[in-house]
Amino acid sequence: MAVEALSQQEIEGRLAELPGWSLEGDRITRSYRLGSHVAAAAMVVHIAQVQEELDHHSDLTLGYHSVSLSVHTHSAGGAVTAKDFALARRVEELAPAHGAH
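In what follows, the accompanying structure is described. (Residues numbered from 1 in each chain as written. Predicted model: local features only at pLDDT ≥ 70, side-chain atom pairs only at ≥ 80, totals over all residues. Heavy atoms only, no water.)

## Concerning helix α2 (residues 37-54)
Residue pairs spaced three or four apart in an α-helix point in one direction, given the helix's 3.6 residues per turn.
1) Next: Across its 18 residues, α2 extends 26 Å between first and last C-alpha, which sits within 8% of the 26 Å expected from 1.5 Å per residue.
2) Next: For α2, the full list of buried residues reads A39, A40, M43, V44, I47, V50 and Q51. When α2 is viewed along its axis, its buried side chains cluster within an angular range of 140° and face the same direction. With respect to the buried face of α2, the exposed residues turned more than 90 degrees away are V38, Q49, E52 and E53.
3) Next: Looking at the buried positions of α2, the neighbouring elements they touch are β2 (27-33), β3 (59-62), β4 (66-71) and α3 (82-94).
4) Next: D55 sits one or two positions beyond α2 and adopts a positive phi of about 55°. (Helix = DSSP H or I, 4+ residues; strand = E, 2+ residues; numbered from the N terminus. Expected span 1.5 Å × (residues − 1). Buried < 20%, exposed > 50% of the residue type's maximum accessible area, 1.4 Å probe, protein only. Arc of directions from axis to C-beta. Contact = heavy atoms within 4.5 Å.)

## Re the pairing of β2
1) Next: The buried fraction of β2 is high, at 5 of 7 residues.
2) Next: Across 3 bridges, strand β1 (residues 22-24) lies against β2 in antiparallel orientation. For L23, the partnering residue across the bridge sits in β2 and is I28.
3) Next: Between β1 and the antiparallel strand that follows it, β2, lie 2 residues; G25 among them carries a positive phi value of about 65°.
4) Next: Pairing of β2 with β4 involves 6 bridges; the strand directions are antiparallel. Along β4, the bridge assignment pairs S31 with S68. (Pairing = 2+ DSSP bridges.)

## Observations concerning the packing of α2 against α3
1) Next: One way to put it is that α2 packs onto α3 with a least axis distance of 10 Å and a crossing angle of 145°. Of the two possible hands of crossing, α2 and α3 adopt the one that is right-handed. On α3, the residues touching M43, H46, I47, V50, Q51, E53 and L54 of α2 are A86, L87, R90, V91 and L94. (Axes fitted to C-alpha atoms, helices over the stretch in contact; angles between N-to-C directions. Left-handed = near helix turned anticlockwise from the far one by under 90°.)

## A closer look at the nonpolar core
1) Next: With 25 residues, the main nonpolar core has W21, Y32 and M43 as its most contacted residues.
2) Next: Taken together, the elements giving at least two residues each to this core come down to α1 (8-16), β2, α2, β4 and α3.
3) Next: With 6 residues, α2 is the largest single contributor of residues to this core.
4) Next: In contact with W21, other than residues within four places in its own chain, are L15, I28, T29, R30, Y32, L69, V71, A88, V91 and E92. (Core = buried A, V, L, I, M, F, W, Y, C linked by side-chain atoms within 4.5 Å.)

## A short note on the sheet that holds β2
1) Next: Pairing is antiparallel across the open sheet formed by 4 strands, whose spatial order is β1-β2-β4-β3. Edge strands, defined here as strands with exactly one partner in the open sheet, are β1 and β3. Ignoring which end each strand starts from, the neighbouring axes of this sheet average 25° apart.
2) Next: Both β3 and β4 contribute to a ladder of 4 bridges, which runs antiparallel. Within β4, the residue paired with L62 across the bridge is V67.
3) Next: Here α3 sits on the sheet in contact with β2 and β4, set at roughly 10° to β2.

The following block contains the structure:
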């Protein structure tokens, strides 16, 4: 089943529902600050588990007290799709448990 690229208007509308997320080039992105490196590493592991569950993976970067995601859909030619927003919503749901902001 092919995944359809979202229009610019659809992307903007969905981003309005996800504070902190933005469109950078052909990807949606978000960075989180955490209280410690260990908390950031734990959040990365949690995100990786969700990505496996969804079978949709972002570029995920662990910093000293930070976690950053950058995501688009390879099977849609690198466009932003509903799959990207499904992953973003799941990350938003798990972030508070890690003290991320």
